[in-house]
Amino acid sequence: MSKQDDSHHGSDAGASPFATDLATIRERARQHIEKGAITDSYTADREVVIRLLNEALATELVCVLRYKRHYFMASGLMADSIKAEFLEHAREEEEHGDMLAERIVQLGGEPDFNPDILSKRAHAEYVEGTDLRDMVKEDLVAERIAIDSYRQIINYIGDKDTTTKRILESILAQEEEHADELSDMLDGWTGS
C-alpha cells in the first residue's frame, strides 16, 4: 500500500485532515447512540424541522382525504378519466405522508396523526368542491399551496439537513407534476 493510501486510513503520521476527522467521527459515533441517526454534525434545529414535517404530514393527509372524496363524488361525462387521476394522486399523497412520518421518527420525533388537529395544522384546506370542475380547481389550489410550502421549508432547511431536504425535494417534484396535470385538465375543460 502506498503512503498516500495509508493516509486515508489514519496510519500515517502525516495523515490528511480527513483522517483526523475520521477518528473524531468514529469517537463521536460511540457517544449518544440513543440518538440513532442524529449525530453532532446535524446542524438544523431538530424541533423546528419536526414541527415543519408534522405540518407537511397534516397537509398530505388532508389532501389524501380530499382526493378520496373527489374520487368517490366525481360524476359526469369526463368523470372516469378524472376519477383515475384523483385516486392516483390520493395514493401518491399517502406515500408522501408515509415518507414524512418515517423521517419524523428518524429525527426522534413523533408523527402526529391526530384527526382533531390535522386540518388546523395542514397548510392546504379541505374544500369539497361543488362539481367535477370545481373539485379539480380546489385540488389545483391545494397543490399550489403545497408547492410553495415545500419550497419555503426546503429553503429554510438549506444544507443543514440534507436527508430531509432530499425527501422534500422529491415530494415537491411530484406535487409540481400533480399541479401540471390538474392545470391541463382545467385548460381542456369542456364540461361542468
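The rules behind these values
Residues numbered from 1 in each chain as written. Predicted model: local features only at pLDDT ≥ 70, side-chain atom pairs only at ≥ 80, totals over all residues. Heavy atoms only, no water. Axes fitted to C-alpha atoms, helices over the stretch in contact; angles between N-to-C directions. Helix = DSSP H or I, 4+ residues; strand = E, 2+ residues; numbered from the N terminus. Parallel < 35°, antiparallel > 145°, perpendicular 65-115°, else oblique. Left-handed = near helix turned anticlockwise from the far one by under 90°. Contact = heavy atoms within 4.5 Å. Nonpolar A, V, L, I, M, F, W, Y, C, P; charged D, E, K, R; others polar. pLDDT = per-residue confidence, 0-100. Polar contact = N/O pair within 3.5 Å; in protein donor to acceptor, adjacent residues only side chain to side chain. Phe/Tyr/Trp six-rings, centres within 6.5 Å; stacked < 30°, edge-to-face > 60°. Buried < 20%, exposed > 50% of the residue type's maximum accessible area, 1.4 Å probe, protein only. Lys NZ or Arg CZ within 6 Å of the ring centre and 35° of its normal. Core = buried A, V, L, I, M, F, W, Y, C linked by side-chain atoms within 4.5 Å. Salt bridge = Lys/Arg side-chain N within 4 Å of Asp/Glu carboxyl O.

**Describing the packing of helix H4 (residues 79–106) against helix H7 (residues 162–187)**
For any two helices packed against each other, the geometry comes down to the angle between their axes and how far apart the axes lie.
Consideration 1: Relative orientation of the contacting elements H4 and H7 amounts to 165°, with a least axis distance of 11 Å. It follows that H4 is roughly antiparallel to H7 by the angle criterion. The handedness of the crossing between H4 and H7 comes out as left-handed. Side by side, H4 and H7 meet where Ile82, Glu85, His89, Glu92, Glu93, His96, Met99, Leu100 and Arg103 of the first sit next to Thr163, Thr164, Ile167, Leu168, Ser170, Ile171, Gln174, Glu175, His178, Glu181, Leu182 and Met185 of the second.
Consideration 2: Among the residues making up the contact of H4 with H7, the classes are represented as eight nonpolar, seven polar and six charged.

**With respect to the confidence of the model for the chain**
Low-pLDDT stretches of the model should not have their predicted coordinates read in fine detail.
Consideration 1: Taken as a whole, the chain shows an average pLDDT of 86; of its residues, 84% reach a score of 70 or greater.
Consideration 2: Segment residues 1–11 is flagged for pLDDT under 50; beyond a separation of four residues in sequence, or across chains, it makes 12 contacts in the model.

**Quick word on the side chain of His96**
Consideration 1: Looking at the element boundaries, His96 is found in helix H4.
Consideration 2: A polar contact is formed between the side chain of His96 and the side chain of Glu175, at a distance of 3.2 Å.
Consideration 3: Apart from residues no more than four positions distant in its own chain, His96 is found in contact with Glu60, Ile171, Gln174, Glu175 and His178.

**What to know about the packing of aromatic side chains**
Consideration 1: Here the structure, examined in full by the defined rule, presents two aromatic pairs.
Consideration 2: Centroid distance Tyr67 to Phe86: 6.2 Å. Interplanar angle 45°. Geometry classified as tilted. Taken together, the residues Tyr67 in helix H3 (residues 46–73) and Phe86 in helix H4 connect sequence positions 19 residues apart.
Consideration 3: A relative accessible area of 0% means that Phe86 is categorised as buried.
Consideration 4: Where Tyr71 meets Phe72, the ring centres are 4.8 Å apart and the plane angle is 75°; that geometry is what we call edge-to-face.
Consideration 5: Its guanidinium or amino end placed over the ring of Tyr156, Lys160 lies 5.0 Å from that ring's centre, counting from NZ or CZ.

**Describing the nonpolar core**
Consideration 1: One finds Phe86, Leu100, Tyr150 and Leu168 to be the most contacted residues of the largest nonpolar core, which totals 42 residues.
Consideration 2: Listed by contribution, the elements that provide at least two residues to this core are H3, H4, helix H6 (132–157) and H7.
Consideration 3: Beyond its immediate sequence surroundings of up to four residues, Phe86 is in contact with Tyr67, His70, Tyr71, Ala74, Leu132, Met135, Val136 and Asp139.

**Section: the pattern of salt bridges**
Consideration 1: Scanning all chains against the criterion turns up 11 salt bridges.
Consideration 2: With a closest N to O distance of 2.6 Å, Arg66 and Asp139 form a salt bridge. Highlighted residues: Arg66 in helix H3 and Asp139 in helix H6, separated in sequence by 73 residues. The same class applies to Arg66 as to Asp139, namely buried.
Consideration 3: A salt bridge links Arg103 to Asp161; the shortest N-O distance between them is 2.9 Å. Taken together, the residues span a long stretch of sequence, with Arg103 in helix H4 and Asp161 in the loop between H6 and H7 at a distance of 58 residues. Residues Arg103 and Asp161 agree in their burial class; the two are buried.
Consideration 4: Salt bridges sharing common partners tie together Asp134, Lys137 and Glu138.

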